[in-house]
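# Topology and contacts: notes
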Amino acid sequence: MFQNQVLDEYRKDIGQKLLFGLSAVTLLTLLTIYAILNGPVKLTYTEMYSVFTGQIVSGTAYNIIWNIRLPQVLTAVVAGAGLAISGAAMQSVLKNPLASPFTLGISHAAAFGASCSIVLLGTGTTYSTGAVVLDNPYITSLSAFTCSLFSTAVILALAKLKKATPEIMILAGIALGSLFTAGTSAIQYFAEDTQIASVIFWQFGDVSKTTWNELGIISLFVIPVSIWFAYNSWNYNALNSGDDTAKSLGVDVDKLRIRAMIGASFVSALIVSLVGIIGFVGLVVPHMVRKMIGGNEMLLLPVSCLMGSLLLLASDTVARNIISPQVLPVGIITSFLGAPLFIYLIIKGREYW
Amino acid sequence: MKINIEGLEFSYNGKPTLKNMNLKVGKGEFLSIIGPNGSGKTTFLKCMNKILTPKQGSILIDKYDLNKLHREDIAKLVGYIPQAERGAFPTSVFDTVLMGRKPHMKWIPSSKDLEIVSDVIDMMDLSSFSMKNINELSGGQRQKVIIARALAQQPRILLLDEPTSSLDLKHQLEVLEITREQANNDVTVVMSVHDLNLAARYSDKILMMKDGEIFHGGGTDILTPENIEPVYGVSVDVKRDSDQIWIMPKKIACK
């Protein structure tokens, strides 16, 4: 029967994609364990097992796992997921493959906010020993976050004023991005060497900056926003066929677009202001996933989360181990690791643009 | 479902696009809207689906005021086939048609949704490439996919915006046969179209529009040289067989 053949093909296709997602989950679990065990100090599986089961409650292994590795590894997982799903959602609602938290100026705004705080409020200095220290990381983060939100608010206000077309949002984002970049340069030009060092240090995305508290704050928003994005996946699918079609399928297009923008901007602003600038994940991970399993948002959004986590965690693991005991900021590695993978997918993956 | 439109007005940025539109379409009727480019056909169609909200006037479908219906509820009743559609990111034929079930389904499509979709794909003869990306299809095939999506919606009213304008002869006939069949099954059809011969052949009623106003409306017998020339600015010959009307353009009329 023809009809069954169509359904069979569809089910087989979905099955394969779910299997892909499942493999990503498995890989992420294994990588998480590997990342906890490896670093400047190597731990054994037995040590980790004893720490997690509560047999060891103090000592080096306990400290390394609970106070250093676990927050760092989980931050990589959560931040990667948040950046990737924000990028995927933004690309879908703006119907533009170049949309991401970064092309929309959020990271530029965050960098500007952090520079302001470091240079003007003096929240960061470099000591003569060469160690760069942010005296008050919370104020720096808060300032970065405020600027990111301000930038998003301007974009949304413009969109609201002049009808919420994707083109207006993207162009406004690019304009604001260069405005904030100019602002950062101006501040740096007048800043002292030590302050510039702090600013640059802040801009390196680094998941080892976070403590349990910050991890908690990020998770508190990334998890519900991700679930909400996934819940809306059919609306985003409909939007992909055009605003008119989406409306004819019952989607309140303007409301959906604005809300998705608020959610995605908020999450990425939060991550950037606490972790620093990690490019590439939000822009490219959704494209990687589309190239691997196609564009159906119902799968694209959750799998983007997984791939974002995987990429950021893998990068962080490499960053901690490649020139051990030196630890590189993860923001440097994501592109080194992700770009070749993406180029490979451009050559080998499915075509879609 | 019946459509009853009274005193509809619409303007784009303060410029009136539709003026005092009144229209009644009966259940299962096939209405073709004809008129030159820019006469307001597309705008009129979009108002019937609340894609655009008119400035004034009322649209009733059966007894329901369109303005008071939720978008999701309208989507359960009215299917819409846009003039040109190209997604930012490609999706498979199956997923595109499945989107038509969106107004009816929760987060995960039920097996009933999947069955309806595979039935429609089968009926539209799209089975052999149901897993392909729609961007890889020809224009004719893609249009059939879009129509399949609207049919998967199981609408009571079908709005089509120039569904045949970029299709070859065979696909034109195929698309209109499918649409006619829908009307025969009591789905109310409103279609904007440029090809007067096709309009004459497939529709029950004709609505002629000019400059955002209704010029004339009625059965296919209103397709006369006297009516067509002032609307299009082209003089035509009209030939009538027993069951077919032929319209042949002659030349651009002098102003």
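Just above sits the structure.
Read on for an overview of the structure. Being a predicted model, the structure only gives us computed values, none of them experimental. (Residues numbered from 1 in each chain as written. Chains lettered and ligands numbered in written order. Predicted model: local features only at pLDDT ≥ 70, side-chain atom pairs only at ≥ 80, totals over all residues. Heavy atoms only, no water.)

Let us now look at the overall build of chain B. Scanning chain B for helices and strands turns up eight helices and 12 strands. In terms of C-alpha radius of gyration, chain B reaches 19 Å, essentially the compact-globule figure of 18 Å for 255 residues. Dimensions along the principal axes, computed over C-alpha positions, put chain B at roughly 55 × 40 × 35 Å. Residue pairs at least 24 apart in sequence account for 63% of intrachain contacts in chain B once pairs closer than 6 positions are excluded. When the accessible surface of chain B is summed, it comes to about 11300 Å², and 48% of that surface belongs to carbon and sulfur atoms. Seen as two clouds, the 33 positive and the 32 negative side-chain charges of chain B have centres 5 Å apart. (Helix = DSSP H or I, 4+ residues; strand = E, 2+ residues; numbered from the N terminus. Rg over C-alpha atoms; globule rule 2.2 N^0.38 Å. Contact = heavy atoms within 4.5 Å. Areas by Shrake-Rupley, 256 points an atom, 1.4 Å probe, with all protein chains shown as cover. Lys, Arg positive; Asp, Glu negative; His and termini not counted. Charge placed at Lys NZ, Arg CZ, Asp CG, Glu CD.)

So, about the packing of helix 13 (residues 297–321) of chain A against helix 14 (residues 330–348) of chain A. All names here are of chain A. Two elements in contact, helix 13 and helix 14, have axes separated by 8 Å at closest approach and are oriented at 115°. Between helix 13 and helix 14, the interaxial angle falls into the category roughly perpendicular. Relative to helix 14, helix 13 is oriented so that their crossing is right-handed. Each of Leu311, Leu312, Ala314, Ser315, Asp316, Val318 and Ala319 in helix 13 lies in contact with helix 14, whose residues at this interface are Val330, Ile333, Thr334, Leu337 and Gly338. (Axes fitted to C-alpha atoms, helices over the stretch in contact; angles between N-to-C directions. Parallel < 35°, antiparallel > 145°, perpendicular 65-115°, else oblique. Left-handed = near helix turned anticlockwise from the far one by under 90°.)

Attention now moves to the side chain of Asn296(A). Among the structural elements, Asn296(A) can be located in the loop between helix 12 (281–293) and helix 13. Beyond its immediate stretch of four places on either side in the chain, Asn296(A) contacts Asn237(A) and Asp95(B).

This part is about the interface of chain A and chain B. The interface of chain A with chain B comprises 37 residues on the first partner and 39 residues on the second. It is Tyr10(A), Trp234(A) and Leu249(A) in chain A that bury the most area against chain B; as a group they hold 20% of the surface buried on that side. Taken together, the connections running from chain A to chain B amount to one salt bridge. The residue Lys46(B) makes a salt bridge to Asp244(A) at a minimum N-O spacing of 2.7 Å. (Buried area = accessible area lost by both parts, 1.4 Å probe. Salt bridge = Lys/Arg side-chain N within 4 Å of Asp/Glu carboxyl O.)

Residue and element names in this part refer to chain A. Within the secondary structure, Phe229 sits in helix 8 (residues 212–231). Judged by relative accessible area, which is 0%, Phe229 ranks as buried. Considered as a pair, Phe229 and Ala84 are 145 residues apart in the sequence and their alpha carbons are 12 Å apart. (Buried < 20%, exposed > 50% of the residue type's maximum accessible area, 1.4 Å probe, protein only.)

Moving on, we come to the state of the cysteines. Applying the stated rule across the entire model yields zero disulfides over all chains. Residue Cys116(A) stays outside any disulfide, its sulfur separated by 5.6 Å from that of Cys147(A), the closest cysteine. (Disulfide = S-S within 2.5 Å.)

What follows is about the nonpolar core. One finds Phe229(A), Phe94(B) and Val97(B) to be the most contacted residues of the largest nonpolar core, which totals 158 residues. In terms of residues, this core owes the most to one element, helix 3 (residues 60–94) of chain A, which gives 18 residues. Ignoring anything within four residues of it in the chain, the contact list for Phe94(B) reads Val6(A), Leu7(A), Tyr10(A), Leu114(B), Val117(B), Ile121(B), Ser130(B) and Met131(B). Counting residues in hydrophobic clusters, the runner-up holds 30 residues, among them Ile3(B), Leu31(B), Leu77(B) and Leu207(B). (Core = buried A, V, L, I, M, F, W, Y, C linked by side-chain atoms within 4.5 Å.)

Our next topic: the sheet that holds strand 4 (residues 56–61) of chain B. Judged by pairing direction, the sheet is antiparallel, and its four strands sit side by side in the order 2-1-4-5 (chain B) without closing on themselves. Both edges of this open sheet fall to strand 2 (15–25) and strand 5 (64–65) of chain B, since each of them pairs with a single strand only. (Pairing = 2+ DSSP bridges.)

The subject of this paragraph is the sheet that holds strand 8 (residues 188–192) of chain B. Residues and elements named next belong to chain B. What the six strands build is an open sheet, ordered 6-7-8-3-9-10; its pairing is mixed. Edge positions in the open sheet fall to strand 6 (78–81) and strand 10 (213–219), since each of these has one partner strand only. Pairwise comparison of adjacent strand axes, ignoring direction, gives a mean angle of 15° for this sheet. As defined by bridge partners, strand 3 (residues 30–34) adjoins strand 9 (residues 205–210) across four bridges and the pair is classed as parallel. Residue pairing for strand 9: Ser32 is matched across the bridge by Ile206. Most of the contacts of helix 6 (residues 169–184) go to strand 3, to which it runs at about 130°, and overall it touches strand 3, strand 7 (157–161) and strand 8. Where helix 8 (residues 225–232) meets the sheet, its contacts fall on strand 3, strand 9 and strand 10, and the angle it forms with strand 9 comes to roughly 35°.

We now examine unusual backbone geometry. Residue and element names in this part refer to chain B. Backbone geometry at Asn13 places phi at a positive 50°, although glycine is not the residue there. Tracing the backbone shows Asn13 in the loop between strand 1 (3–12) and strand 2. Located in the positive-phi region is Asp211, a residue other than glycine, with phi close to 50°.

Attention now moves to the packing of aromatic side chains. Counting across every chain of the model gives 11 aromatic pairs over all chains. Ring plane angle 20° and centroid distance 3.9 Å describe the contact between Tyr10(A) and Phe94(B), whose orientation is recorded as stacked. Of this pair, Tyr10(A) sits in helix 1 (residues 2–37) while Phe94(B) sits in helix 3 (residues 93–99), each in a different chain. With relative accessibility at 5%, the residue Tyr10(A) sits in the buried group. For the pair Phe10(B) and Tyr12(B), a centre-to-centre distance of 5.1 Å together with 85° between the ring planes defines the contact as edge-to-face. The buried category is assigned to Phe10(B), whose relative accessible area is 6%. A relative accessible area of 36% means that Tyr12(B) is categorised as partly exposed. Joined through ring pairs, the aromatic side chains of Phe52(A), Tyr62(A), Trp66(A) and Trp212(A) make up one cluster. Taking the ring centre of Phe89(B) as reference, the NZ or CZ of Arg290(A) above it sits at 3.7 Å. (Phe/Tyr/Trp six-rings, centres within 6.5 Å; stacked < 30°, edge-to-face > 60°. Lys NZ or Arg CZ within 6 Å of the ring centre and 35° of its normal.)

Everything listed here is a matter of coordinates, which is why it stays silent on function.
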